[in-house]
There are 2 protein chains.
Amino acid sequence: MATYREADGWEILGDPTRRAIVASLAERPRAVGELAQELPISRPAVSQHLRVLKDAGLVDDEAAGTRRVYRLNPAGVAALRDQLDVFWRRALEGFQETVEQAADEEGRP
Amino acid sequence: MATYREADGWEILGDPTRRAIVASLAERPRAVGELAQELPISRPAVSQHLRVLKDAGLVDDEAAGTRRVYRLNPAGVAALRDQLDVFWRRALEGFQETVEQAADEEGRP
DNA sequence: ACGAACCGTAAGCTACGACTTACCGATGCT
DNA sequence: AGCATCGGTAAGTCGTAGCTTACGGTTCGT
């Protein structure tokens, strides 16, 4: 094999900064500068992450004067979540019962 | 902020090779050499990935003669899955309805 | 029209993760 | 005992993701 590199949704959310951006935008739409202020990185770095998220269809941007407001794209988020679920479903097919059983037994030995 | 680096479950499954290993072990337990044969990387590389997965509690290993059989740890897998769900739940809290609505409308405009 | 605010992009650096080769220990077989 | 198989670990290389600084473009205010 060599083509097991289909789902790159993992790479997108693999970066903690990107996850922080997504979480922040989930709360409410924000401008680039706002995001940069909450995060321990520079503004251009935020821009680059936003570009990745936009290419993935996770966020939409809208010009508002000199500022540019980014917001989460519900459809993109849902699609990504489905994509990640595909891994769990496909990979753990036939293993699911055991997993769920273990999940049930968690916390009460 | 600075401490948004809590959940490292993403880093673990962020690597495509590691995902392939998990998917393979979900099918059935395998020895290190078996895994290396299916993947386009060397055996030591597989060993290193297995170490990461074991440290995360995702796999268990068992000595079988000279071979060492690895299998998925159901509890660990379930725990990881829960951990990832925490992100979705926490991050998208209050955004959930919109997302689910978009998911429903997907494919039938 | 001019300066300020806001942002995207280019260029370059750096740290780290993933991989390789080489070596060594442990187990099984004859 | 001796050889082969299997696997973990060490050491070192390499690519690339993520960051920074520098620069240029666009929009708003006065």
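Chain A carries the name DNA-binding transcriptional regulator, ArsR family in an unreviewed UniProt entry, which gives Paractinoplanes atraurantiacus as its organism.

Description of the overall build of chain A
The helix and strand tally for chain A stands at six helices and three strands. What you see in chain A, going N to C, is helices and strands ordered as α-α-β-α-α-β-β-α-α. For chain A, buried positions account for 42% of its 109 residues. The contacts in chain A between residues at least 6 apart in sequence include a share of 44% that link residues at least 24 apart. With an accessible surface of roughly 6100 Å², chain A has 47% of that area assigned to carbon and sulfur atoms.

Details of the protein's contact with DNA strand D
Within the structure, DNA strand D sits among 23 residues, and Ser42(A), His49(A), Arg43(B), Ser47(B) and Tyr70(B) are positioned closest to it. Near the protein, within 4 Å, the atoms of DNA strand D are sugar or phosphate in 61% of cases. Separating a phosphate oxygen of DNA strand D from a backbone N or O atom of Val32(B) is a distance of 3.2 Å. At 2.7 Å, a side-chain N or O of Tyr70(B) approaches a phosphate oxygen of DNA strand D. Per-element tally for the surface near DNA strand D: the top contributor is helix H4 (residues 43–55) of chain B, with five residues. Each residue belonging to the surface near DNA strand D can be placed in one class, and the counts come to seven nonpolar, ten polar and six charged.

A word on the sheet that holds strand E2 (residues 59–64) of chain B
All names here are of chain B. A sheet is described by the order of its strands in space; here three strands give the open sequence E1-E3-E2, paired in antiparallel fashion. Looking along the sheet, the strands with just one partner apiece sit at the ends: strand E1 (30–31) and E2. Note: E2 against strand E3 (residues 67–72), six bridges, orientation antiparallel. The residue bridging Ala63 from the neighbouring strand is Arg68, located in E3. Across the sheet, helix H2 (residues 16–27) lies against E1, E2 and E3, angled at about 90° from E3, the strand it touches most.

Description of the packing of H2(B) against H4(B)
All names here are of chain B. Closest axis-to-axis distance for the H2/H4 pair is 10 Å, and the angle between their directions is 75°. One finds that H2 runs roughly perpendicular with respect to H4. Residues Thr17, Arg18, Ile21, Val22 and Leu25 of H2 touch H4, and the partners they reach there are Val46, His49, Leu50, Val52 and Leu53. Here the contact of H2 with H4 is built from residues that sort into seven nonpolar, two polar and one charged.

Focus on the protein's contact with DNA strand C
Surrounding DNA strand C, one finds 23 residues, the nearest of these being Gly33(A), Ser47(A), Tyr70(A), Ser42(B) and His49(B). Each atom of DNA strand C within 4 Å of the protein was assigned to sugar, phosphate or base; sugar and phosphate come to 63%. Asp15(B) is positioned with one of its side-chain polar atoms (N or O) 3.3 Å from a phosphate oxygen of DNA strand C. Elements represented by at least two residues in the surface near DNA strand C include exactly helix H3 (32–38), helix H4 (43–55) and strand E3 (67–72) of chain A together with H2 and H4 of chain B. Top element by residues in the surface near DNA strand C is H4(A). It accounts for five residues. Classifying every residue of the surface near DNA strand C gives seven nonpolar, ten polar and six charged.

Let's talk about H2(B)
Residue and element names in this part refer to chain B. For H2, spanning twelve residues, the distance from its first C-alpha to its last is 17 Å, which sits close to the expected 16 Å at 1.5 Å a residue. Counting buried residues in H2 gives ten out of twelve residues, a clear majority hidden from the surface. Within H2, burial applies to Pro16, Thr17, Arg18, Arg19, Ala20, Ile21, Val22, Ser24, Leu25 and Ala26. Looking at where H2 begins, the residue whose side-chain oxygen comes 3.1 Å from the main-chain nitrogen of Thr17 is Asp15.

Some points on the pattern of salt bridges
In the structure shown here, the tally under the stated rule is 16 salt bridges over all chains. Across the pair Glu27(A) and Arg30(A) runs a salt bridge whose closest N-O atoms are separated by 3.2 Å. You can call Glu27(A) exposed: its relative accessible area is 61%. A salt bridge links Lys54(B) to Asp61(B); the nearest nitrogen and oxygen atoms lie 3.1 Å apart. Relative accessible area serves as the criterion here: at 41%, Lys54(B) is assigned to the partly exposed category. What you see here is one network of salt bridges that share partners, running through Glu27(A), Arg30(A) and Glu38(A).

What counts and how
Residues numbered from 1 in each chain as written. Chains lettered and ligands numbered in written order. Predicted model: local features only at pLDDT ≥ 70, side-chain atom pairs only at ≥ 80, totals over all residues. Heavy atoms only, no water. Helix = DSSP H or I, 4+ residues; strand = E, 2+ residues; numbered from the N terminus. Buried < 20%, exposed > 50% of the residue type's maximum accessible area, 1.4 Å probe, protein only. Contact = heavy atoms within 4.5 Å. Areas by Shrake-Rupley, 256 points an atom, 1.4 Å probe, with all protein chains shown as cover. Near = heavy atom within 4 Å. Polar contact = N/O pair within 3.5 Å; in protein donor to acceptor, adjacent residues only side chain to side chain. Nonpolar A, V, L, I, M, F, W, Y, C, P; charged D, E, K, R; others polar. Pairing = 2+ DSSP bridges. Axes fitted to C-alpha atoms, helices over the stretch in contact; angles between N-to-C directions. Parallel < 35°, antiparallel > 145°, perpendicular 65-115°, else oblique. Expected span 1.5 Å × (residues − 1). Salt bridge = Lys/Arg side-chain N within 4 Å of Asp/Glu carboxyl O.

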